[in-house]
Amino acid sequence: MPDGAESAATPRAELQPAIVTEGLYKSFGSVKALDGVALVVQPGTVMALLGPNGAGKTTVIRILATLMRPDSGRAEVLGHDVLREAAVVRSLIGLTGQYAAVDENLTGRENLEMVGRLYHLGGSEARKRAGELLESLDLAEAADRGVKTYSGGMRRRLDLAASLVARPPVLFLDEPTTGLDPRSRIGLWDTIAGLVKGGTTVLLTTQYLEEADRLANHIAVIDHGRIIEQGTPEYLKECCGGDVLLQLRLSDRSQTALGAEILATFGDGKIRADAETGQLDLPVEKGTTILPEVIRRLDARGVAIYDIALRRPTLDDVFLSLTGRTAEASSEEGAAVKKGRKSRSERRKT
Amino acid sequence: MSARAATRSSEFRWIIPDTLVITWRSVLRFVRLPQLLVFSTIQPVMLLLLFNYVFGGAINTGGTKYIQYLLPGFLVQIVVFGSTQASVGLAEDLSRGIIDRFRSLPMARAAVLAGRTLADTLRYTFLVLLMVAVGSAMGFRFHNGIAPAIAAPLLAVLFGFAFTWISAFIGMTVKDVETAQVAGFVWVFPIVFASSMFAPVDSMPGWLQAFAKVNPVTPTTDTIRALCSGGEIMSHLWQSLAWIGGILVVFVTLAISRYRRIA
């Protein structure tokens with residue numbers, strides 16, 4: 001367990017965790033979807049499950065949401081076992097899946113009222129709650145239109161609204177912003193941040209590192225059904241993101257070798273030089289202090305700089321170093337997998 | 001109270017209200033898609049006209065007018081073919097993640113399927129009554145009194161309700177809309193045609209007679225025919241009810257356990 005996770009957990013140690021899983025295993029035929037997943041999410045925090053497609057993110061969510069039974073292991077929501085007390089768990093959770101699970105033939109309002117009645121809120125409370133949510137998720141204008149006419153972003157917001165109908169203390173969001181345009185994505189982030197401020201515990205899966213960075217108190221990186229690292233975003237960037245990089249782009253590509261030779265004298269680590277683009281990357285420990293000297297020496301030898309930057313590690317680097325893939329590559333690979341699945345309409349996701 | 005007991009008592013407490021919510025949702029689909037209702041109505045009317053006027057002259061039904069022979073079977077045909085829509089509808093809900101949403105809610109576990117089949121049953125009631133009306137215009141008459149005239153369409157609807165559960169089970173099993181369209185349909189043809197529905201069983205080859213006689217459609221059609229035109233009722237009726245009961249026991253159990261386990 002990394003330090004970051006522990007230090008954040010300590011002040012709340014006396015509280016019961018909102019979500020606990022221990023040794024979760026699940027196989028689909030010969031494919032091991034989960035290979036011993038252990039997670040603890042403290043109440044009122046956001047945990048992001050970050051991982052390439054097929055890593056097991058959705059399987060974790062489906063088990064916690066009582067949609068799927070693990071082969072072995074334990075999973076609890078607010079102290080209630082998802083297998084033995086499934087009915088109790090269902091009354092405590094909200095779920096927004098990868099697909100906007102709303103009824104196309106109903107209006108937005110009817111969808112939310114239906115969900116409210118199925119949470120047994122009673123007719124008038126279900127109506128009131130539907131109205132509030134349509135208002136707060138910016139769907140009031142379209143409330144009485146058929147969902148068929150909604151845009152993708154509106155459907156996602158309605159789907160999120162449906163999961164919020166009963167004000168659940170624990171919310172599961174399975175790739176909540178996949179396929180949304182940037183503006184809708186930011187809007188949804190604000191909504192989620194607002195819920196967390198109100199005390200909701202959120203477990204979300206995502207392929208977007210920015211999303212995890214922005215929303216999550218803790219991130220668990222998952223690959224091949226195992227949690228390979230977890231901690232705060234800062235902790236992960238420090239532990240697994242690699243060094244601070246000094247990145248240089250030369251105006252004249254033909255000077256790449258010369259530039260590399262000069263940078264080598266700063267000798268912090270191995271230089272990556274790309275003669276095709278004139279790009280030079282140098283891992284540095286004391287970035288800002290050597291910057292003026294770098295510029296001076298290059299200038300003295302007549303090497304013109306097109307662009308210069310110090311780059312701190314991002315979650316992209318964390319992802320790359322832990323899974324050996326970039327997030328984009330794995331989501332493309334995932335999209336291809338999904339397409340193949342869709343044609344068979346195989347809905348078993350991992 | 002143990003968690004299991006709590007689950008069970010909440011299942012009983014909410015099964016009816018939750019079922020009604022799902023029924024309402026499924027019925028709205030027809031209200032919102034009036035063209036669906038119109039076309040699913042035109043088709044059986046057209047078939048009834050075609051069967052009666054194309055085959056009517058050629059099939060020997062022993063003196064009775066063909067429409068009088070045809071319509072009882074036609075009522076059964078309508079509900080059996082109509083039941084296939086349940087598998088497509090459920091496969092659709094599954095592929096859109098709507099079943100996932102329902103399964104994550106603290107609602108009664110049987111309600112999604114019960115609500116759906118109940119809505120379908122309302123649809124059959126409408127279709128059966130419409131067919132009786134169209135048939136009457138073509139010369140069909142109830143000759144056996146008021147009570148049998150009420151019981152006949154009722155038995156057809158009940159038979160349809162039972163078959164909807166078979167169809168629901170198929171939908172929950174194949175999970176895919178296109179497969180459901182084929183798988184939900186193909187088994188219905190032999191059941192519908194190799195029966196006493198359109199032609200007397202005696203006119204079939206021996207091996208087919210054997211199948212037609214045990215086919216649940218045959219006693220059901222024979223009962224309805226007797227309820228409409230007179231003749232032996234009880235021996236057919238108990239066979240038909242036994243089939244309906246048996247189908248319900250088996251397929252309600254299977255479909256609901258599918259729903260609970262689906263992953």
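Each remark here, short or long, concerns the structure printed above.
Residues numbered from 1 in each chain as written. Chains lettered and ligands numbered in written order. Predicted model: local features only at pLDDT ≥ 70, side-chain atom pairs only at ≥ 80, totals over all residues.

Undergrad: What am I meant to see in the overall build of chain A here?
TA: A tally of regular secondary structure across chain A gives 13 helices and 14 strands. Counting across all 350 residues of chain A, residues that qualify as buried make up 46%. (Helix = DSSP H or I, 4+ residues; strand = E, 2+ residues; numbered from the N terminus. Buried ≥ 20, exposed ≤ 12 C-beta atoms within 10 Å, placed from the backbone.)

Undergrad: Please clarify how the pairing of strand β4 (residues 72–77) of chain A should be interpreted in this entry.
TA: In regular strands, side chains alternate between the two faces of the sheet. All names here are of chain A. The pairing of strand β1 (residues 19–28) with β4 spans five bridges and is classified as antiparallel. Among the inter-strand pairings, Y25 is bridged to a residue of β4, identified as S72. Pairing between β4 and strand β5 (residues 80–81): two bridges, direction antiparallel. Note on β5: the bridge partner recorded for V77 is H80. (Pairing = 2+ DSSP bridges.)

Undergrad: Honestly, the sheet that holds strand β3 (residues 46–50) of chain A in this entry has me stumped. Any pointers?
TA: Neighbouring strands of a sheet are bound in pairs by backbone hydrogen bonds; such pairs are parallel or else antiparallel. Residues and elements named next belong to chain A. Strand order in the open sheet made by the six strands is β6-β7-β8-β3-β9-β10, with mixed pairing throughout. Edge positions in the sheet fall to β6 (93–96) and β10 (226–231), since each has one partner strand and no second. Pairs of neighbouring strands in the sheet enclose a mean axial angle of 15°, with direction left out of account. Sheet topology note: the strand β9 (residues 218–223)/β10 ladder contains five bridges and is antiparallel. Note on β10: the bridge partner recorded for I219 is G231. (Axes fitted to C-alpha atoms, helices over the stretch in contact; angles between N-to-C directions.)

Undergrad: Please explain the pairing of strand β8 (residues 201–206) of chain A as it appears in this structure.
TA: All names here are of chain A. The element β8 is largely enclosed, with a buried count of six among its six residues. Alternating residues of β8 divide into T201, L203 and T205 and V202, L204 and T206, and every residue in both groups is buried. Strand direction decides the pairing type here: β3 and β8, joined by five bridges, are parallel. Residue A48 lies in a different strand from β8, and its bridge partner there is L204. Bridging between strand β7 (residues 170–174) and β8 involves five bridges; their strand directions are parallel. Looking at the pairing, F172 lines up with L203 of β8.

Undergrad: Just checking my understanding: could you explain the packing of helix α2 (residues 34–55) of chain B against helix α5 (residues 111–137) of chain B for this structure?
TA: The angle between the axes and the distance between the axes are what describe a pair of packed helices. All names here are of chain B. Here α2 crosses α5 at 35°, and the two axes come no closer than 11 Å. Where α2 crosses over α5, the handedness of that crossing is right-handed. Two secondary-structure elements touch here, α2 through T41, P44, V45 and L48 and α5 through L127, L130, M131, V134 and G135. Each residue belonging to the contact of α2 with α5 can be placed in one class, and the counts come to seven nonpolar, two polar and no charged. (Left-handed = near helix turned anticlockwise from the far one by under 90°. Contact = placed C-beta atoms within 7 Å. Nonpolar A, V, L, I, M, F, W, Y, C, P; charged D, E, K, R; others polar.)

Undergrad: Would you explain the interface of chain B and chain A in this entry?
TA: Many descriptions give the size of an interface as the accessible area lost when the pieces come together. Of the residues lining the interface, 28 residues belong to chain B; the matching set on chain A comes to 29 residues. For the side of chain B that touches chain A, the secondary structure elements donating two or more residues are α1 (3–32), α3 (66–95) and α4 (98–103) of chain B. Here the side of chain B that touches chain A takes 11 residues from α1(B), the largest share from any one element. For the side of chain B that touches chain A, a count of residues per class yields 13 nonpolar, five polar and 10 charged.

Undergrad: Would you mind going over the packing of α3(B) against helix α6 (residues 146–174) of chain B with me for this structure?
TA: Residue and element names in this part refer to chain B. With their axes 7 Å apart at the nearest point, α3 and α6 run at an angle of 30° to one another. It follows that α3 is roughly parallel to α6 by the angle criterion. Two packed elements cross with a definite hand, and for α3 against α6 that hand is right-handed. In terms of residue class, the contact of α3 with α6 is built from 19 nonpolar, nine polar and no charged. (Parallel < 35°, antiparallel > 145°, perpendicular 65-115°, else oblique.)

Undergrad: So what exactly am I meant to see when it comes to the sheet that holds strand β14 (residues 305–311) of chain A here?
TA: All names here are of chain A. Across the sheet, four strands lie side by side as β12-β13-β11-β14; this open sheet has antiparallel pairing. Either end of the sheet is taken by a strand with one partner, and the two such strands are β12 (272–274) and β14. Each adjacent strand pair in this sheet contributes to an overall mean axis angle of 15°, direction not counted. Pairing of strand β11 (residues 244–250) with β14 involves six bridges; the strand directions are antiparallel. Paired with Q247 across the bridge in β14 is A309.

Undergrad: Would you mind going over the environment of D307(A) with me for this structure?
TA: Residue and element names in this part refer to chain A. By the element assignment, D307 lies in strand β14. We classify D307 as exposed; it has 11 C-beta atoms within 10 Å. Measuring from C-alpha to C-alpha, the distance between D307 and S251 comes to 8.0 Å, with 56 residues separating the pair along the chain.

Undergrad: Quick question: what am I supposed to make of the environment of L282(A) here?
TA: With respect to the secondary-structure elements, L282(A) resides in strand β13 (residues 279–284). Linking L282(A) and L246(A), residues 36 residues apart in sequence, is a C-alpha distance of 5.1 Å.

Undergrad: Teacher, can you tell me more about the nonpolar core here?
TA: Across soluble globular proteins, nonpolar side chains show a tendency to be buried alongside one another. In terms of nonpolar packing, the biggest core is built from 147 residues, with L64(A) and V79(B) touching the most fellow members. At 17 residues, the largest contribution of residues to this core is made by α3(B). Setting aside chain neighbours within four positions, we find L64(A) in contact with I19(A), A75(A), V77(A), V82(A), F172(A) and L203(A). In terms of nonpolar packing, the next biggest core, distinct from the first, is built from 11 residues, L248(A), L280(A), L282(A) and V284(A) among them. (Core = buried A, V, L, I, M, F, W, Y, C linked by C-beta atoms within 7 Å.)

Undergrad: Looking at this structure, I do not really get helix α2 (residues 57–64) of chain A. What am I missing?
TA: Each full turn of the α-helix corresponds to 3.6 residues, which orients residues three or four apart in the same direction. All names here are of chain A. Among the eight residues of α2, eight are classified as buried, and the element is accordingly described as predominantly covered. When we look at burial in α2, the residues that qualify are K57, T58, T59, V60, I61, R62, I63 and L64. Following α2 by one or two positions, T66 adopts a phi angle in the positive range, close to 65°.

Undergrad: Explain unusual backbone geometry to me, please; I cannot follow it from the model alone.
TA: Keep in mind that most residues, glycine aside, have a negative phi and that most peptide bonds are trans. All names here are of chain A. The backbone of D138 sits at a positive phi, close to 65°, despite the residue not being glycine. The backbone of R167 sits at a positive phi, close to 45°, despite the residue not being glycine. Assignment of secondary structure puts R167 in the loop between α6 (152–164) and β7.

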